[in-house]
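In case you want the letters, here they are:
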Amino acid sequence: MENEVLEFDIGLGGASGGVDDDAVDIEHPVDDEDMPDTPTTVSFTGAGSGEIFLPEGDLLDLEPYEGMEFESEEAAKAFYNSYARRVGFSTRVSSSRRSRRDGAIIQRQFVCAKEGFRNLNEKRTKDREIKRPRTITRVGCKASLSVKMQDSGKWVVSGFVREHNHELVPPDQVHCLRSHRQISGPAKTLIDTLQAAGMGPRRIMSALIKEYGGISKVGFTEVDCRNYMRNNRQRSLEGDIQLLLDYLRQMHNDNPNFFYAVQGDEEQYTGNVFWADPKARTNYTYFGDTVTFDTTYRSNRYRLPFAPFTGVNHHGQPVLFGCAFLINETEASFVWLFNTWLMAMSGRHPVSITTDHDAVIRSAIMQVFPDTRHRFCKWHIFKKCQEKLSHVFLKHPNFEAEFHKCVNLTESIEEFESCWLSLLDRYDLQDHEWLQTIYSARRQWVPVYLRDTFFAEMSITQRSDSMNSYFDGYVNASTNLNQFFKLYEKSLESRNEKEVKADYDTMNTSPVLKTPSPMEKQASELYTRKLFMRFQEELVGTLTFMASKAEDDGENITYQVAKFGEDHKAYYVKFNVLEMKATCSCQMFEFSGLLCRHVLAVFRVTNVLTLPSHYILKRWTRNARSSVILEERSADVYTNYLESHTVRYNTLRHEAFKFVDEGCKSLDTYNAAVTALQEAAKRVALATKNERRGSTVNGRGRGELASNGSRANYSSSNHLGSSIQHLSEDDMDKKVQELANELEYANRKCEVYRANLLSVLKDIEDHKLQLSIKVQNIKISMKDSI
């Protein structure tokens, strides 16, 4: 049974028989199997109006016969097609004859669509592989109707063959035949209305079937409805494209920092446009380390070919980096888009990028961002699995939970591989095509392969739902280009207001601290509110973990971190005491930019009281948008003291442990170690005494400096040299010690000045941010009052 539509050469045109103007006499038919799958247009008008003529009255029940007359060729064609619908076959135009005198058509032959045999054209298939070969429908049927024009202008039947060499189609299936699949005017109106309301082809067809009382009375198939809706969208986009370009030009004229680009040029528009407003470009300078490129606004529940670039700000909220309309989604188009976006973002490549699971997008990213880590959106893969594995989910209710556990909760590549194979074996899915496809791409979406790269997610198991989130609630299934930019601007305003509110809450309210830890207090003053709450979860979580030393290679100490009685679920933290750097097997810091509870547990047992500066990412702090690079750790003198004290403490303890391990091996080493410790104790006591004496000297020096000016403590090098010449060796040592103490005091004073200066700069930045928040709030209140 055919599933195609005949399009005549009148009205919309189509498969009229393939008239060749160079032919003098006989014209050859067109192969209707190669025609597009589009329904004909039905109009209840008379012949000669440019529309298909439908016979009325008694003609509907007649069978063709030789000598039968028609007012026009179109009337004869419509009659034979009506007869074919009643009998149960599809028609097409086979051949035509033109007048040698004026070239007008004087003879037509209409045949059963199964007439003849397919013409296998070697030239068309020689250099290309046919991926989806069409079904053979031609079986050499002889049924036909021939008409020719009389001198009077009327057309008369000159030949009629009734018999077919194949089975005819029953009445309840005849609507599937190509020449009888017709979308009527009322049906088009209903489709347009339902499409504007956001309904898809399947739901629209259900409504039409209910309205007309059955699929056979609708007169066309879901494929026809889908094609008609697609053409509607295409025509709508083409009609609105000038509106889009006018909007972008106006925005650029208002602000030269508004960036937009059109693939090709604006005179020969190819369908792809990109733009980024100044705020989007600024957002990227602060938060452009990880990017999400979302192409699902059309393929999912949306109907626009709309693709935004987004990221995550310091409050964990989505921020915009630019937008595109992509009507043409070829690899070349994506390459153009990524290069254009990169140019708008000053050529700075992101660390990571997340997209939908698409081979074309992946190929383009590899060309434009070769060093950027590419990830497929895990959430969309799970959603696709619900479709591809629906029969498995129904048959095995526990499968989905086990599948999620295998992907999200495995701690190593080996564990994931083992769990995956076990899952396939247990449910007999070794040969499932979709599972094989996503398994081959596992390095692009399974978390255990991606933890070493920053993606700005708060935890390893977080659902990757950043895609489809920025414009949710604004762009929907009924949005067209006329409405789009109003909703687009409303979305930007809403997102900006949410960020202002989060800034205000961070700056004007203090979080409740749950521990006496200086580290928690430090984090509460550095991080934004949401990020601090997430850090606080990890810090409090350390109370349930035990950290014990598992290995010491002299440079790094490896700690085993686990809950009491759960050593089989242990994490391993390598800690370099001298550099104050730790790495955990869970790799949470690498993935999210926040330290995990396992590293914090090691910090607790090693007396690390505050966060080392290299573990505070500026993009998560309340000053993330600040243009001043502040070393937050130096802004608090007490915090600076705690850190330096912690480094000295850990270094000494590390060396002491090694000394004890060596010293207790034998009695001789033990005695030597005890002697060395006694000598060391004397030296430490002497150093402590000198430090106290130096403090007194420095105190006296400060008084002299205050009363006599700088000359009381500072003299020229010549004067110092002559004084030293008259000193004894003991006095010289004493003098050197005094000068060293004064130098140490000067260094400390410089550190205090530096810390105070940075503190002032920080206060200025905080004040500037608060003023910005107040201005935004005033603007919002003024807008609301208007």
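Cut-offs and rules
- Residues numbered from 1 in each chain as written.
- Predicted model: local features only at pLDDT ≥ 70, side-chain atom pairs only at ≥ 80, totals over all residues.
- Heavy atoms only, no water.
- Helix = DSSP H or I, 4+ residues; strand = E, 2+ residues; numbered from the N terminus.
- Buried < 20%, exposed > 50% of the residue type's maximum accessible area, 1.4 Å probe, protein only.
- Contact = heavy atoms within 4.5 Å.
- Areas by Shrake-Rupley, 256 points an atom, 1.4 Å probe, with all protein chains shown as cover.
- Salt bridge = Lys/Arg side-chain N within 4 Å of Asp/Glu carboxyl O.
- Pairing = 2+ DSSP bridges.
- Axes fitted to C-alpha atoms, helices over the stretch in contact; angles between N-to-C directions.
- Patch = residues over 30% accessible without salt bridge, like charges linked within 9 Å, V, L, I, M, F, W, Y side chains within 5 Å.
- Lys, Arg positive; Asp, Glu negative; His and termini not counted.
- Charge placed at Lys NZ, Arg CZ, Asp CG, Glu CD.
- Core = buried A, V, L, I, M, F, W, Y, C linked by side-chain atoms within 4.5 Å.
- Domains from an automatic or database assignment.
- Parallel < 35°, antiparallel > 145°, perpendicular 65-115°, else oblique.
- Nonpolar A, V, L, I, M, F, W, Y, C, P; charged D, E, K, R; others polar.
- Phe/Tyr/Trp six-rings, centres within 6.5 Å; stacked < 30°, edge-to-face > 60°.
- Lys NZ or Arg CZ within 6 Å of the ring centre and 35° of its normal.
- pLDDT = per-residue confidence, 0-100.
- Left-handed = near helix turned anticlockwise from the far one by under 90°.
- Polar contact = N/O pair within 3.5 Å; in protein donor to acceptor, adjacent residues only side chain to side chain.

Right, let's talk about the overall build of the chain for a bit. Secondary structure summary: the chain contains 24 helices and 19 strands in total. By residue count, 44% of the 786 residues in the chain fall in the buried class. Here the analysis covers contacts within the chain between residues at least 6 apart in sequence; of these, 64% occur between residues at least 24 apart. For the chain, the accessible area works out to roughly 42,100 Å², and carbon and sulfur atoms hold 53% of it.

To continue, consider the pattern of salt bridges. Enumeration according to the criterion identifies 20 salt bridges in this entry. For Arg373, the salt bridge identified is with Asp452, shortest N-O distance 2.9 Å. A residue pair is termed long-range when its members are at least 10 positions apart, and Arg373 in strand β15 (residues 373–376) and Asp452 in the loop between α15 (433–440) and α16 (481–508) qualify at 79 residues. The exposure class assigned to Arg373 is partly exposed, which follows from its relative accessible area of 24%. Note on Asp452: relative accessible area 45%, which makes it partly exposed. Notably, a salt bridge pairs Glu387 with Lys384, separated by 3.8 Å at the nearest N-O pair. Pair noted here: Glu387 and Lys384 are both in helix α11 (residues 378–388), with a separation of three residues, about one helical turn. Each member of the salt-bridge network shares a partner with another, and the members are Arg534, Glu537, Glu538 and Arg597.

A few words on the sheet that holds strand β18 (residues 571–576). Pairing within the open sheet is antiparallel, and its four strands lie in the order β16-β17-β18-β19. Because the sheet does not close on itself, it has two edges, and the strands there are β16 (545–552) and β19 (581–584). Each strand of the sheet is rotated relative to its neighbour by a mean of 25°, with strand direction disregarded. The pairing of strand β17 (residues 556–563) with β18 spans six bridges and is classified as antiparallel. Bridge pairing in β18 places Tyr559 opposite Val573. Against the sheet, helix α20 (residues 597–605) engages β16, β17, β18 and β19, with an angle of about 75° to β16.

The subject of this paragraph is a negative patch on the surface. The grouping of Glu551, Asp552, Asp553, Glu555, Glu579 and Asp661 at the surface amounts to a negative patch. By the element assignment, Glu579 lies in the loop between β18 and β19.

Take unusual backbone geometry next. With a phi close to 65°, Ser346 is a non-glycine residue in the positive phi region. Within the secondary structure, Ser346 sits in the loop between α9 (331–344) and β14 (352–355). Non-glycine residue Asn607 carries a positive phi angle of around 65°. Of note, Asn607 is situated in the loop between α20 and α21 (637–663).

Time to look at the environment of Glu655. Note that Glu655 resides in helix α21. Given the relative accessible area of 40%, Glu655 is considered partly exposed.

We now examine the environment of Val577. The residue Val577 is located in the loop between β18 and β19 in this model. For Val577, a relative accessible area of 5% puts it in the buried group. When the C-alpha atoms of Val577 and Glu555 are compared, they prove to be 7.7 Å apart, with 22 residues separating the residues in sequence.

Among the nonpolar cores identified, the biggest contains 39 residues, and Tyr527, Phe535, Phe575, Phe603 and Leu611 are the most heavily contacted of them. Counting only elements with at least two residues in this core, the list comes to α17 (518–526), α18 (529–541), β16, β17, β18, β19, α19 (588–592) and α20. Ranked by residue count, the leading element in this core is α20, at five residues. When residues of this core are assigned to domains, at least three map to each of domain 2 (288–494) and domain 3 (509–632). When near neighbours in sequence (up to four residues on either side) are disregarded, Phe603 contacts Met519, Phe575, Ala582, Leu595, Val608, Pro612 and Tyr615.

Glancing now at the packing of helix α14 (residues 413–426) against α15. It is the contact of α14 with α15, at a shortest axis distance of 13 Å, that shows an interaxial angle of 175°. Relative to α15, α14 is oriented roughly antiparallel. When α14 is examined against α15, the residues Phe416, Glu417, Trp420 and Leu424 are found in contact with a partner set consisting of Leu435, Ile438 and Tyr439. In terms of residue class, the contact of α14 with α15 is built from six nonpolar, no polar and one charged.

What follows covers the packing of aromatic side chains. One pass over the full model with this rule turns up 37 aromatic pairs. Ring geometry for Phe309 against Phe338: centres 6.3 Å apart, planes inclined by 75°, an arrangement best described as edge-to-face. Within this pair, whereas Phe309 is found in strand β12 (residues 306–312), its partner Phe338 is found in helix α9, the two being separated by 29 residues in sequence. Overall, the relative accessible area of 0% leaves Phe309 in the buried class. By relative accessible area, which is 0% here, Phe338 ends up buried. An aromatic cluster of at least three residues, connected via ring pairs, comprises Phe259, Phe274, Tyr284, Phe293, Phe309, Phe321, Phe334, Phe338, Trp341 and Phe369. When the ring centre of Phe455 is taken as reference, the NZ or CZ atom of Arg375 above it lies at 4.2 Å. Cation over ring: Arg619 sits above Trp620, and NZ or CZ is 4.5 Å from the ring centre.

Mean pLDDT over the chain works out to 77, with 73% of the residues at or above the 70 mark. Here residues 461–467 is modelled with pLDDT under 50, and outside its nearest four sequence neighbours on either side it reaches 20 contacts, counting other chains as well. Predicted confidence for residues 697–724 stays below pLDDT 50, and this span has 15 contacts to residues more than four positions away or in other chains.

Moving on: the packing of helix α13 (residues 399–408) against α14. Where α13 meets α14, the axes come as close as 9 Å, and the angle between the chain directions of the two elements is 160°. In this view, α13 runs roughly antiparallel relative to α14, as classed from their interaxial angle. Relative to α14, the crossing made by α13 is left-handed. Contacts from Phe399, Glu402, Phe403, Cys406 and Val407 of α13 reach α14 at Phe416, Cys419, Trp420, Leu423 and Arg426. Classifying every residue of the contact of α13 with α14 gives eight nonpolar, no polar and two charged.

Along α17, the residues that are buried comprise Met519, Glu520, Gln522, Ala523, Ser524 and Leu526. In this structure Ser517 caps α17, since a side-chain oxygen of it lies 3.0 Å from the backbone nitrogen of Met519.

Bringing the pairing of β19 into the picture now. Burial along β19 is one-sided: Ala582 and Cys584 are buried, and none of Lys581 and Thr583, which face the opposite way, are. Taken together, the four bridges between β18 and β19 define a ladder with antiparallel strand orientation. The residue of β19 that forms the bridge with Phe575 is Ala582.

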